[in-house]
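Report on the structure
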Amino acid sequence: RANDEVYVDYSQGVPEPTNIPLDFAIMGEGFFAIQSLEGGTVYTRAGSFSLDDEGYLCFPGMGYVLNPDGERIQLRTDKLNVDKNGNMFHKDTGAYLGTVGVYEFENVEEQLEHNGAGFFTGEGAQLNTDVTIYNKMVERSNVELVREMVAMMTTQRALQSAAQMSKIYDQVIMK
């Protein structure tokens, strides 16, 4: 029987520098809120954003990044200075442009549902101001690749052994 459940590990991943002005990583608990193109709100920790034709901060193909008030963020430029709270300022003029909102859930396992595309839906999101936002970085996956590869190879060998035993058993029955 194949595993029919998706397990989500909500633990912190390692921030990886990208030097891309519209990349953000959350250090702490929480999710970026994205107003989906269908009108609902989805949540993600993936922070590789871009600007649309009107200068709104968006997640390509998904929707608009929301600020702490649940509104779209219009930047019009990627020349940014970003502080640890997610406040964005124009690099040349110092003008305030907006703040990236980070939302948390009291119980992520019960309140969030994984939609299969790397996003989550759920009710009861609360603004989290006790996080650090890193600019020009993204959060790497928290999956331990070596451990998962070893587990996959162990499972593959067990399957091969079971298939070989079945083949031998069939040969014995035929005789």
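As the structure is a computational prediction, the values presented were derived from the model and not from experiment. (Residues numbered from 1 in each chain as written. Predicted model: local features only at pLDDT ≥ 70, side-chain atom pairs only at ≥ 80, totals over all residues. Heavy atoms only, no water.)

Digging into the nonpolar core
Core analysis: the biggest nonpolar cluster contains 20 residues, and Phe24, Phe49, Leu57 and Met88 have the highest contact counts within it. Taken together, the elements giving at least two residues each to this core come down to β2 (24-27), β3 (31-36) and β6 (57-59). Ranked by size, the runner-up nonpolar core spans 9 residues in total, among them Tyr103, Phe105, Leu112 and Phe120. (Core = buried A, V, L, I, M, F, W, Y, C linked by side-chain atoms within 4.5 Å. Buried < 20%, exposed > 50% of the residue type's maximum accessible area, 1.4 Å probe, protein only. Helix = DSSP H or I, 4+ residues; strand = E, 2+ residues; numbered from the N terminus.)

So, the sheet that holds strand β9 (residues 87-90)
Note: strands within a sheet are paired through backbone hydrogen bonds, in either parallel or antiparallel orientation. In spatial order, the strands read β8-β9-β10; together these 3 strands make up an open sheet with antiparallel pairing. Since the sheet does not close on itself, it has two edges, and those belong to β8 (80-82) and β10 (96-99), each with one partner. Adjacent strand axes in the sheet meet at a mean angle of 25° when their direction is disregarded. As paired strands, β9 and β10 are joined by 3 bridges and run antiparallel to one another. Paired with Phe89 across the two strands is Tyr96, which belongs to β10. (Pairing = 2+ DSSP bridges. Axes fitted to C-alpha atoms, helices over the stretch in contact; angles between N-to-C directions.)

Re the pattern of salt bridges
Inspection of every chain in the model, using the stated rule, returns 2 salt bridges. Between Glu16 and Arg140 there is a salt bridge, with the nearest N and O atoms lying 4.0 Å from each other. With a gap of 124 residues between them, Glu16 in strand β1 (residues 15-17) and Arg140 in the loop between β16 (137-139) and α2 (145-174) connect regions that are remote in the sequence. Put simply, Arg45 and Glu139 hold a salt bridge, and the shortest N to O gap is 2.8 Å. Of this pair, Arg45 sits in the loop between β4 (41-44) and β5 (50-51) while Glu139 sits in strand β16, and the two are 94 residues apart along the sequence. When sorted by exposure, Arg45 lands in the same class as Glu139, which is buried. (Salt bridge = Lys/Arg side-chain N within 4 Å of Asp/Glu carboxyl O.)

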